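Structural characterization, general
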Number of protein chains: 2
Amino acid sequence: MLTLYHLALSPYSRKVRVALAEKGIAFTLKVEKVWERRPDFLRLNPACQVPVLIEEEGHAIPDSGVICEYLEERFPEPSLLGHGALERAETRRLVAWFDIKFGREASANLLGEKLMKRFLRRGEPNSEAIRAGLENIHYHLDYIAFLAERRKWLGGEQFSLADIAAAAHLSCIDYIGDVPWAKHPGAKDWYARVKSRPTFRPLLAERVPGLPPPAHYADLDF
Amino acid sequence: MLTLYHLALSPYSRKVRVALAEKGIAFTLKVEKVWERRPDFLRLNPACQVPVLIEEEGHAIPDSGVICEYLEERFPEPSLLGHGALERAETRRLVAWFDIKFGREASANLLGEKLMKRFLRRGEPNSEAIRAGLENIHYHLDYIAFLAERRKWLGGEQFSLADIAAAAHLSCIDYIGDVPWAKHPGAKDWYARVKSRPTFRPLLAERVPGLPPPAHYADLDF
């Protein structure tokens, strides 16, 4: 059985959870409070971040990008990257878009400031960063709508890691109520299709103690 | 023939150039001044960053991570990731370490502040960021020495993308004279071995107009 160290509102952990579920791989979840810098966890991942996957023989595989490539090599079907080098490159391009660009411009500014600083009591949230995050998210939602108008899913005709990465980030920001769905019907329609996948349900059922999500968060018909 | 859009002191472009050369793939280099946001280039990569690889039929593949995975699929030998899912995961872990963690903690603070702000005249370099970069680089060099003491190359017994990623970042910072080699003989010994590879020579011969590198930059016996 595989084990995944994670945090509930870590987009990168969520991406791996959905990828594992889409591939039908059973796994156990363990919460890792990375800010405690537990020595045993540092040995698993010197970068001290979640997610970390522990494979059957106990080897640790850190970093969500590394884990997803590993899963694709170990369990190739169903493929979450697609088939053919160009199709796979397009999926990976979008994964990088959401994990790096969206991550820096939206998730870090919103989740980083609002959640991490609140829970870790590391000073006041930076209101300028939050404002930037709330502004940046619009053009990313426009990009999602642009893609979803032209393709069945973000990366092409198949549901892929591109959809998973985008939805993983958005689901965390949606948990704190900061996704302006009403202004982005195209992106909303795509997200409704992701939400209705059985593999996404565990994320919608998740609750962080002391931080209830808005009512629409788990609602498939939001 | 493949074409690579790049910038001389972009670590991510350098990583792809060495990867292409190690695989023995011929390619043409084109400089792309990304800050000009050229419409034709934006169509190739809406994220407007280098590197972007144009394959034989004209398809654009952006993002250095995406390009390297594409090259590995199209031209599997010699492999730059290694063989076996675990070995490949370890290589990818280190690539992520250098591209993401080292990139944020060292390259962005040093190259971003000193080069981009100077050339683009976008305000004064942030001295706090530069100080952080100069401090952070030490523990990364310690980590390189730690790995190089235990393995022939950073990722294992074979020269891999882990070495290429680390050396690509360090070579750019070395160009502006900010790598404290004297204090890190273990890392220096490893870098000397990378420098002596024929595939690395074009990077050492490169010069940015108006910005000469320190004398030791291209010296194999520095």
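Everything discussed here concerns the structure shown above.
It should be emphasised that the depicted structure is a prediction, and the values quoted were computed from it without experimental measurement.

Things to note about the relation of the copies chain A and chain B
When chain A is brought onto chain B, the operation consists of a screw motion whose angular component is 180° and whose axial shift is 0.0 Å, with 0.0 Å RMSD remaining. Between the two chains, the operation in question is that of a two-fold axis. Most of the interface of chain A is mirrored in chain B, where 100% of its interface residues are also at the interface.

Side note on the pairing of strand β2 (residues 27-31) of chain A
Residue and element names in this part refer to chain A. Summarising the sheet, strand β1 (residues 2-6) and β2 pair through 5 bridges and their orientation is parallel. Counted as the bridge partner of Thr 3 is Thr 28 from β2. Of the crossover connections in this fold, the one passing from β1 over helix α1 (residues 11-22) to the parallel β2 is right-handed.

Description of the pattern of salt bridges
For the structure shown, the criterion picks out 38 salt bridges over all chains. Measuring nitrogen to oxygen at the nearest pair gives 2.4 Å for the salt bridge that ties Asp40(B) to Arg43(B). With Asp40(B) and Arg43(B) both in helix α2 (residues 39-44) and 3 residues apart, this pair spans about one turn of that helix. For Arg43(B), a relative accessible area of 62% translates into the label exposed. Here Arg92(B) and Glu69(B) are joined by a salt bridge, their closest N and O atoms 2.7 Å apart. You can see Arg92(B) sitting in helix α4 (residues 85-120) and its partner Glu69(B) sitting in helix α3 (residues 64-74), a full 23 residues away along the chain. By sharing partners, the salt bridges in this structure join Lys23(A), Glu69(A), Glu72(A), Glu73(A), Arg88(A), Arg92(A), Lys23(B), Glu69(B), Glu72(B), Glu73(B), Arg88(B) and Arg92(B) into a single network.

Section: the sheet that holds strand β4 (residues 60-62) of chain B
Residues and elements named next belong to chain B. Spatially, 4 strands are ordered β2-β1-β3-β4 in an open sheet, and the strand pairing comes out mixed. Of all strands in the sheet, those bounded by a partner on one side alone are β2 (27-31) and β4. Here the average twist between neighbouring strands, direction ignored, is 25°. In this structure, strand β3 (residues 52-54) lies alongside β4, joined through 3 bridges in antiparallel fashion. If you follow Leu 53 over to β4, its bridge partner there is Ile 61. Where helix α1 (residues 11-22) meets the sheet, its contacts fall on β1 (2-6), β2 and β3, and the angle it forms with β1 comes to roughly 155°.

Overview of the interface of chain A and chain B
Many analyses report the size of an interface as the accessible area lost when the parts associate. In this assembly, 25 residues from chain A lie in contact with 25 residues from chain B. For the pair chain A and chain B, the summed buried area comes to about 2,000 Å², and 70% of that belongs to carbon and sulfur atoms. Taken together, the links from chain A to chain B amount to 6 salt bridges. Residue Glu73(A) is joined to Arg92(B) by a salt bridge in which the shortest nitrogen-to-oxygen separation is 3.0 Å. Across the contact surface, chain A and chain B share 4 residue pairs in polar contact (both at pLDDT 80 or more). Those elements giving two or more residues to the side of chain A that touches chain B turn out to be β4 (60-62), α3 (64-74) and α4 (85-120) of chain A. Here the side of chain A that touches chain B takes 11 residues from α4(A), the largest share from any one element.

Digging into the side chain of Glu55(B)
All names here are of chain B. Tracing the sequence through the fold places Glu 55 in the loop between β3 and β4. A distance of 2.9 Å separates a polar atom in the side chain of Glu 55 from the backbone nitrogen of Glu 57. Here the side chain of Glu 55 touches His 59 through a polar contact of 2.8 Å, landing on its backbone nitrogen.

Cut-off values and rules
- Residues numbered from 1 in each chain as written.
- Chains lettered and ligands numbered in written order.
- Predicted model: local features only at pLDDT ≥ 70, side-chain atom pairs only at ≥ 80, totals over all residues.
- Heavy atoms only, no water.
- Least-squares fit on C-alpha atoms with pLDDT ≥ 70 in both.
- Contact = heavy atoms within 4.5 Å.
- Pairing = 2+ DSSP bridges.
- Helix = DSSP H or I, 4+ residues; strand = E, 2+ residues; numbered from the N terminus.
- Right-handed = clockwise from strand over helix to strand, strands pointing away.
- Salt bridge = Lys/Arg side-chain N within 4 Å of Asp/Glu carboxyl O.
- Buried < 20%, exposed > 50% of the residue type's maximum accessible area, 1.4 Å probe, protein only.
- Axes fitted to C-alpha atoms, helices over the stretch in contact; angles between N-to-C directions.
- Buried area = accessible area lost by both parts, 1.4 Å probe.
- Polar contact = N/O pair within 3.5 Å; in protein donor to acceptor, adjacent residues only side chain to side chain.

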